[in-house]
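Architecture at a glance
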Amino acid sequence: MPLCSTLAGQLEQLEESVSVLQIVPSIFAADFVRLGEEIRRVEDAGVGMVHVDIMDGHFVPNFTMGTPITEAIRRFTRLKLDHHLMIEDPDTYAPIFIKAGADSVSVHYEVCRNLDRTLHLIQEHGALAGVVINPATSTRLLENVLDIVDYVLVMSVNPGFGGQAFIPNSLNKVRELCRYRLERGLNFAIEIDGGVGPENIAEVVKAGVDWVVAGSSVFHTPDAAHSVREMQRIAEEAISIRV
(Lines give C-alpha, C1' and ligand atoms only; values in the text may rest on other atoms or scores of the structure.)
Protein backbone atom coordinates (compact mmCIF):
# COMPACT_ATOMS: atom_id res chain seq x y z
CA MET A 1 0.00 0.00 0.00
CA PRO A 2 1.61 3.29 -1.10
CA LEU A 3 1.99 5.28 2.11
CA CYS A 4 4.62 7.71 3.32
CA SER A 5 7.38 6.09 5.34
CA THR A 6 6.31 8.14 8.38
CA LEU A 7 3.12 6.09 8.44
CA ALA A 8 4.84 2.73 8.79
CA GLY A 9 3.80 2.23 12.41
CA GLN A 10 0.22 3.21 11.68
CA LEU A 11 0.14 0.88 8.70
CA GLU A 12 1.15 -2.03 10.91
CA GLN A 13 -1.72 -1.20 13.27
CA LEU A 14 -4.10 -0.97 10.33
CA GLU A 15 -3.05 -4.36 9.00
CA GLU A 16 -3.81 -5.86 12.39
CA SER A 17 -7.18 -4.08 12.62
CA VAL A 18 -8.39 -5.46 9.28
CA SER A 19 -8.40 -8.96 10.74
CA VAL A 20 -9.47 -7.93 14.26
CA LEU A 21 -12.99 -6.58 14.66
CA GLN A 22 -13.28 -3.28 16.47
CA ILE A 23 -16.31 -1.71 18.13
CA VAL A 24 -15.82 2.05 17.76
CA PRO A 25 -18.08 4.04 20.11
CA SER A 26 -19.27 7.35 18.67
CA ILE A 27 -19.01 10.15 21.21
CA PHE A 28 -21.69 12.06 19.26
CA ALA A 29 -24.16 10.02 21.33
CA ALA A 30 -22.33 10.50 24.65
CA ASP A 31 -23.34 12.76 27.51
CA PHE A 32 -21.05 15.75 27.03
CA VAL A 33 -21.52 16.84 30.62
CA ARG A 34 -19.71 13.61 31.56
CA LEU A 35 -17.67 13.08 28.40
CA GLY A 36 -14.46 12.04 30.16
CA GLU A 37 -16.34 9.51 32.27
CA GLU A 38 -18.16 8.18 29.20
CA ILE A 39 -14.89 7.69 27.33
CA ARG A 40 -13.26 6.02 30.32
CA ARG A 41 -16.10 3.51 30.54
CA VAL A 42 -15.74 2.30 26.96
CA GLU A 43 -11.95 2.39 27.27
CA ASP A 44 -12.21 0.08 30.28
CA ALA A 45 -14.42 -2.21 28.15
CA GLY A 46 -11.45 -2.74 25.83
CA VAL A 47 -12.16 -0.55 22.81
CA GLY A 48 -9.21 0.73 20.80
CA MET A 49 -10.83 3.72 19.09
CA VAL A 50 -13.57 6.26 19.57
CA HIS A 51 -15.40 7.90 16.68
CA VAL A 52 -15.59 11.70 16.49
CA ASP A 53 -18.21 13.23 14.19
CA ILE A 54 -17.41 16.67 12.82
CA MET A 55 -20.35 18.48 11.16
CA ASP A 56 -20.34 21.97 9.69
CA GLY A 57 -24.06 22.68 9.34
CA HIS A 58 -23.68 22.91 5.54
CA PHE A 59 -22.81 19.49 4.14
CA VAL A 60 -25.18 18.01 6.72
CA PRO A 61 -28.02 19.79 8.57
CA ASN A 62 -26.31 19.68 11.94
CA PHE A 63 -23.34 21.27 13.67
CA THR A 64 -21.02 19.56 16.13
CA MET A 65 -17.67 19.86 17.86
CA GLY A 66 -14.48 21.57 16.78
CA THR A 67 -10.80 21.15 17.51
CA PRO A 68 -10.98 22.09 21.24
CA ILE A 69 -12.95 18.88 21.87
CA THR A 70 -10.38 16.83 19.96
CA GLU A 71 -7.55 18.44 21.90
CA ALA A 72 -9.30 17.76 25.21
CA ILE A 73 -9.96 14.11 24.37
CA ARG A 74 -6.37 13.67 23.18
CA ARG A 75 -5.08 14.86 26.55
CA PHE A 76 -7.47 12.56 28.38
CA THR A 77 -7.01 9.23 26.58
CA ARG A 78 -4.57 7.22 24.50
CA LEU A 79 -7.39 5.70 22.45
CA LYS A 80 -7.17 6.20 18.70
CA LEU A 81 -9.37 9.10 17.60
CA ASP A 82 -11.27 8.28 14.42
CA HIS A 83 -12.53 11.54 12.90
CA HIS A 84 -15.40 11.59 10.40
CA LEU A 85 -15.49 14.95 8.59
CA MET A 86 -18.99 15.78 7.40
CA ILE A 87 -17.88 19.15 6.11
CA GLU A 88 -17.58 21.00 2.82
CA ASP A 89 -13.90 21.93 3.07
CA PRO A 90 -11.93 18.88 4.26
CA ASP A 91 -8.69 20.05 2.63
CA THR A 92 -8.54 23.02 4.99
CA TYR A 93 -9.72 21.32 8.16
CA ALA A 94 -8.27 17.80 7.98
CA PRO A 95 -4.72 19.00 8.82
CA ILE A 96 -6.10 21.11 11.67
CA PHE A 97 -7.85 18.14 13.26
CA ILE A 98 -4.79 15.95 12.77
CA LYS A 99 -2.68 18.53 14.58
CA ALA A 100 -5.28 18.55 17.36
CA GLY A 101 -4.94 14.79 17.82
CA ALA A 102 -6.89 12.87 15.18
CA ASP A 103 -5.31 9.51 14.30
CA SER A 104 -7.57 8.72 11.34
CA VAL A 105 -9.63 11.08 9.20
CA SER A 106 -12.36 10.15 6.76
CA VAL A 107 -13.81 12.51 4.15
CA HIS A 108 -16.92 12.22 2.01
CA TYR A 109 -16.64 11.22 -1.63
CA GLU A 110 -19.61 13.50 -2.30
CA VAL A 111 -17.78 16.66 -1.27
CA CYS A 112 -14.19 16.14 -2.47
CA ARG A 113 -13.32 17.82 -5.76
CA ASN A 114 -9.99 16.03 -5.93
CA LEU A 115 -10.30 12.97 -3.74
CA ASP A 116 -6.88 11.54 -4.62
CA ARG A 117 -5.21 14.75 -3.48
CA THR A 118 -7.27 14.97 -0.28
CA LEU A 119 -6.45 11.41 0.77
CA HIS A 120 -2.73 11.95 0.18
CA LEU A 121 -2.94 15.22 2.12
CA ILE A 122 -4.32 13.41 5.17
CA GLN A 123 -1.60 10.76 4.99
CA GLU A 124 1.15 13.33 4.53
CA HIS A 125 0.02 14.99 7.76
CA GLY A 126 0.43 11.72 9.63
CA ALA A 127 -3.05 10.22 9.85
CA LEU A 128 -4.80 7.27 8.25
CA ALA A 129 -7.01 8.38 5.38
CA GLY A 130 -10.55 7.14 4.84
CA VAL A 131 -13.26 7.83 2.30
CA VAL A 132 -16.95 7.86 3.21
CA ILE A 133 -19.90 7.05 0.96
CA ASN A 134 -23.50 8.05 1.65
CA PRO A 135 -26.37 5.58 1.22
CA ALA A 136 -27.07 6.77 -2.35
CA THR A 137 -23.41 6.58 -3.46
CA SER A 138 -22.13 3.51 -5.31
CA THR A 139 -18.95 1.69 -4.35
CA ARG A 140 -18.01 1.66 -8.05
CA LEU A 141 -17.11 5.34 -7.75
CA LEU A 142 -14.26 4.43 -5.39
CA GLU A 143 -12.45 1.98 -7.66
CA ASN A 144 -9.68 4.44 -8.53
CA VAL A 145 -8.81 5.30 -4.92
CA LEU A 146 -9.04 1.91 -3.22
CA ASP A 147 -5.29 1.44 -3.58
CA ILE A 148 -4.78 4.75 -1.74
CA VAL A 149 -7.25 4.61 1.14
CA ASP A 150 -6.54 3.09 4.52
CA TYR A 151 -10.22 2.49 5.15
CA VAL A 152 -13.67 2.96 3.61
CA LEU A 153 -16.60 4.09 5.74
CA VAL A 154 -20.03 2.97 4.54
CA MET A 155 -22.84 5.13 5.89
CA SER A 156 -25.75 2.91 6.83
CA VAL A 157 -27.92 5.94 7.62
CA ASN A 158 -28.05 9.38 6.05
CA PRO A 159 -25.39 11.48 7.80
CA GLY A 160 -26.17 14.27 10.21
CA PHE A 161 -28.19 12.77 13.04
CA GLY A 162 -27.88 9.82 15.43
CA GLY A 163 -30.54 7.28 16.30
CA GLN A 164 -31.64 6.51 12.74
CA ALA A 165 -32.76 3.13 11.43
CA PHE A 166 -30.20 0.94 9.65
CA ILE A 167 -30.40 0.87 5.82
CA PRO A 168 -30.12 -2.83 4.82
CA ASN A 169 -28.66 -2.17 1.35
CA SER A 170 -25.51 -0.95 3.10
CA LEU A 171 -24.46 -4.57 3.53
CA ASN A 172 -24.42 -5.10 -0.25
CA LYS A 173 -21.88 -2.27 -0.43
CA VAL A 174 -19.80 -3.94 2.26
CA ARG A 175 -19.79 -7.19 0.29
CA GLU A 176 -18.76 -5.34 -2.88
CA LEU A 177 -15.87 -3.71 -1.04
CA CYS A 178 -14.79 -7.07 0.33
CA ARG A 179 -14.74 -8.42 -3.20
CA TYR A 180 -12.66 -5.50 -4.47
CA ARG A 181 -10.25 -5.95 -1.58
CA LEU A 182 -9.82 -9.65 -2.27
CA GLU A 183 -9.60 -9.43 -6.06
CA ARG A 184 -7.03 -6.63 -5.99
CA GLY A 185 -5.00 -7.83 -3.02
CA LEU A 186 -5.64 -4.67 -1.02
CA ASN A 187 -5.71 -4.19 2.73
CA PHE A 188 -8.04 -1.29 3.51
CA ALA A 189 -10.38 -1.66 6.47
CA ILE A 190 -14.15 -1.49 6.05
CA GLU A 191 -16.06 0.63 8.55
CA ILE A 192 -19.82 1.09 8.95
CA ASP A 193 -21.70 3.85 10.72
CA GLY A 194 -25.37 4.16 11.59
CA GLY A 195 -28.08 2.07 13.18
CA VAL A 196 -25.87 -0.83 14.32
CA GLY A 197 -26.63 -2.49 17.63
CA PRO A 198 -26.87 -5.91 19.31
CA GLU A 199 -29.82 -6.87 17.12
CA ASN A 200 -27.96 -6.60 13.79
CA ILE A 201 -24.22 -6.57 14.50
CA ALA A 202 -23.91 -10.29 13.70
CA GLU A 203 -25.23 -9.71 10.18
CA VAL A 204 -22.95 -6.68 9.79
CA VAL A 205 -19.72 -8.48 10.66
CA LYS A 206 -20.69 -11.55 8.62
CA ALA A 207 -20.90 -9.24 5.60
CA GLY A 208 -17.27 -8.23 6.17
CA VAL A 209 -17.18 -5.09 8.30
CA ASP A 210 -13.99 -4.59 10.34
CA TRP A 211 -14.81 -1.42 12.31
CA VAL A 212 -18.34 -0.99 13.70
CA VAL A 213 -19.27 2.52 14.77
CA ALA A 214 -21.88 2.44 17.54
CA GLY A 215 -23.40 5.54 19.12
CA SER A 216 -26.88 5.26 20.60
CA SER A 217 -26.52 1.50 21.09
CA VAL A 218 -23.59 2.18 23.44
CA PHE A 219 -24.12 5.53 25.12
CA HIS A 220 -27.93 5.53 25.28
CA THR A 221 -27.96 2.45 27.48
CA PRO A 222 -27.74 2.09 31.27
CA ASP A 223 -24.18 0.69 31.07
CA ALA A 224 -22.01 1.69 28.09
CA ALA A 225 -19.22 -0.72 29.01
CA HIS A 226 -21.63 -3.66 29.21
CA SER A 227 -23.13 -2.68 25.85
CA VAL A 228 -19.70 -2.65 24.21
CA ARG A 229 -18.81 -6.04 25.67
CA GLU A 230 -22.14 -7.53 24.60
CA MET A 231 -21.76 -6.28 21.04
CA GLN A 232 -18.21 -7.59 20.97
CA ARG A 233 -19.41 -10.99 22.20
CA ILE A 234 -22.15 -11.24 19.57
CA ALA A 235 -19.76 -10.13 16.84
CA GLU A 236 -17.05 -12.61 17.82
CA GLU A 237 -19.56 -15.45 17.77
CA ALA A 238 -20.61 -14.46 14.25
CA ILE A 239 -17.19 -13.64 12.80
CA SER A 240 -16.23 -17.24 12.08
CA ILE A 241 -19.09 -17.60 9.62
CA ARG A 242 -18.71 -14.44 7.56
CA VAL A 243 -20.45 -14.60 4.20
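Relevant structure appears above.
The model shown is predicted, which means the values in this text are computed figures rather than measured ones.

**Some remarks on the side chain of Asp53**
- By the element assignment, Asp53 lies in strand β2 (residues 49-55).
- Despite its burial, Asp53 pairs with no opposite charge; the closest candidate is Arg74, at 16 Å N-O.
- A polar side-chain atom of Asp53 sits 3.2 Å from a polar atom in the side chain of Ser26.
- Among the polar contacts listed, one links the side chain of Asp53 to the side chain of His51, at a separation of 3.1 Å.
- Discounting residues that sit within four places of it in the chain, Asp53 has contacts with Ser26, Phe28, Thr64, Met65, His84, Met86 and Asp193.

**Some thoughts on the environment of Val149**
- For Val149, the location among the structural elements is in the loop between β5 (128-133) and β6 (151-155).
- Note: C-alpha distance between Val149 and Leu119 (30 residues apart in sequence) is 6.9 Å.

**A word on the environment of Leu146**
- Its place among the elements puts Leu146 in the loop between β5 and β6.
- Each C-alpha atom, one on Leu146 and one on Arg184, is 9.2 Å from the other, the two residues being 38 residues apart in sequence.
- In contact with Leu146, not counting residues within four places along its chain, are Val152, Leu177, Tyr180, Arg184, Leu186 and Phe188.

**Observations concerning the pairing of strand β1 (residues 22-25)**
- Of the two faces of β1, the one carrying Gln22 and Val24 and the one carrying Ile23 and Pro25 are both buried.
- Two elements, β1 and strand β8 (residues 211-214), share four bridges in a ladder whose sense is parallel. Along β8, the bridge assignment pairs Pro25 with Ala214.

**Concerning the sheet that holds β6**
- Strand order across the open sheet formed by eight strands is β1-β8-β7-β6-β5-β4-β3-β2, with parallel pairing between neighbours. Each of the sheet's edge strands pairs with one partner strand only, and the pair in question is β1 and β2. Here the strands of the sheet are splayed against their neighbours by 25° on average, with no regard to which way each runs.
- Bridge analysis of β6 against strand β7 (residues 189-193) gives five bridges, and the strand direction is parallel. Residue pairing for β7: Tyr151 is matched across the bridge by Ala189.
- Together, β5, β6 and β7 form the strand contacts of helix α6 (residues 170-184), whose direction differs from that of β7 by roughly 170°.

**Considerations on the nonpolar core**
- Ile27, Val105, Ile192, Ile201 and Val212 are the most contacted members of the largest nonpolar core, which totals 67 residues.
- Here the element with the most residues in this core is helix α9 (residues 224-239); it accounts for seven residues.
- Sequence-distant contacts of Val212, defined by excluding residues within four places in its chain, comprise Leu21, Gln22, Ile23, Val24, Ile192, Val196, Ile201, Val204 and Val205.

**A few points about the packing of helix α4 (residues 90-100) against helix α5 (residues 115-124)**
- Contact geometry of α4 with α5 gives a least axis separation of 10 Å together with a crossing angle of 15°. One way to sum up the angle between α4 and α5 is to call them roughly parallel. The hand of the α4/α5 crossing is right-handed. Contacts between α4 and α5 involve Asp91, Ala94, Pro95 and Ile98 on the former and, on the latter, Arg117, Thr118, Leu121 and Ile122.
- Taken together, the residues of the contact of α4 with α5 break down into five nonpolar, one polar and two charged.

**Points about α5**
- Within the sequence span of α5, burial applies to Leu115, Thr118, Leu119, Leu121, Ile122 and Gln123.
- Structurally, α5 contributes buried residues whose contacts are with α4, β4 (104-108) and β5.
- Count one or two residues on from α5 and you reach Gly126, which has phi positive near 100°.

**Examining the packing of aromatic side chains**
- What the rule picks out here adds up to one aromatic pair.
- The ring of Tyr180 carries Arg179 above its face, with NZ or CZ at 5.6 Å from the centroid.
- Over the ring of Phe188 we find Arg181; its NZ or CZ atom is 5.8 Å from the centre of that ring.

Here is what the cut-offs are and how they apply
Residue indices begin from 1 for each chain and proceed along its sequence in written order. Thresholds applied to this predicted model are a pLDDT of at least 70 for local features of residues and 80 or more for the giving and counting of side-chain atom pairs; totals over whole chains, interfaces and linings are not thresholded and use all residues. Excluding hydrogens and water, the side-chain values take into account all heavy atoms of the structure. Helix and strand assignments come from DSSP, with helices taken as H or I runs of at least 4 residues and strands as E runs of at least 2, each series counted from the N terminus. Relative accessible area decides the class of each residue, using a 1.4 Å probe on protein chains only: under 20% of the type maximum gives buried, over 50% gives exposed, and in between gives partly exposed. The convention is simple: Lys and Arg are positive, Asp and Glu are negative, and His and the chain ends are not counted. For salt bridges, the criterion is a side-chain nitrogen of Lys or Arg within 4 Å of an Asp or Glu carboxyl oxygen. Distance and chemistry together define a polar contact, namely a pair of N or O atoms within 3.5 Å, with one atom able to donate a hydrogen and the other to accept it when in protein, and with adjacent residues in sequence counting only for side-chain atoms on both sides. Here, residues are in contact when the closest pair of their heavy atoms is within 4.5 Å. DSSP calls a pair of strands paired once it identifies at least 2 bridges connecting them. Convention adopted: a line fitted to C-alpha atoms gives each axis, helices being fitted over their contacting stretch, and angles between N-to-C directions are expressed from 0 to 180 degrees. For this analysis, a nonpolar core means a set of buried residues of the types Ala, Val, Leu, Ile, Met, Phe, Trp, Tyr and Cys, connected via side-chain atoms within 4.5 Å. Oblique is the label for every angle not falling under 35 degrees (roughly parallel), over 145 degrees (roughly antiparallel), or within 65 to 115 degrees (roughly perpendicular). Should the near helix be turned anticlockwise from the far one by less than a right angle, the crossing is left-handed, and should it be turned clockwise, the crossing is right-handed. Each residue gets one label: Ala, Val, Leu, Ile, Met, Phe, Trp, Tyr, Cys and Pro are nonpolar, Asp, Glu, Lys and Arg are charged, and the others, such as Gly, are polar. Ring pairs shown here join Phe, Tyr and Trp side chains whose ring centres sit within 6.5 Å, with only the six-membered ring taken for Trp; geometry is labelled stacked below 30 degrees between planes, edge-to-face above 60, and tilted in between. The rule is short: NZ of Lys or CZ of Arg within 6 Å of the ring centre and within 35 degrees of the ring normal puts a charge over the ring.

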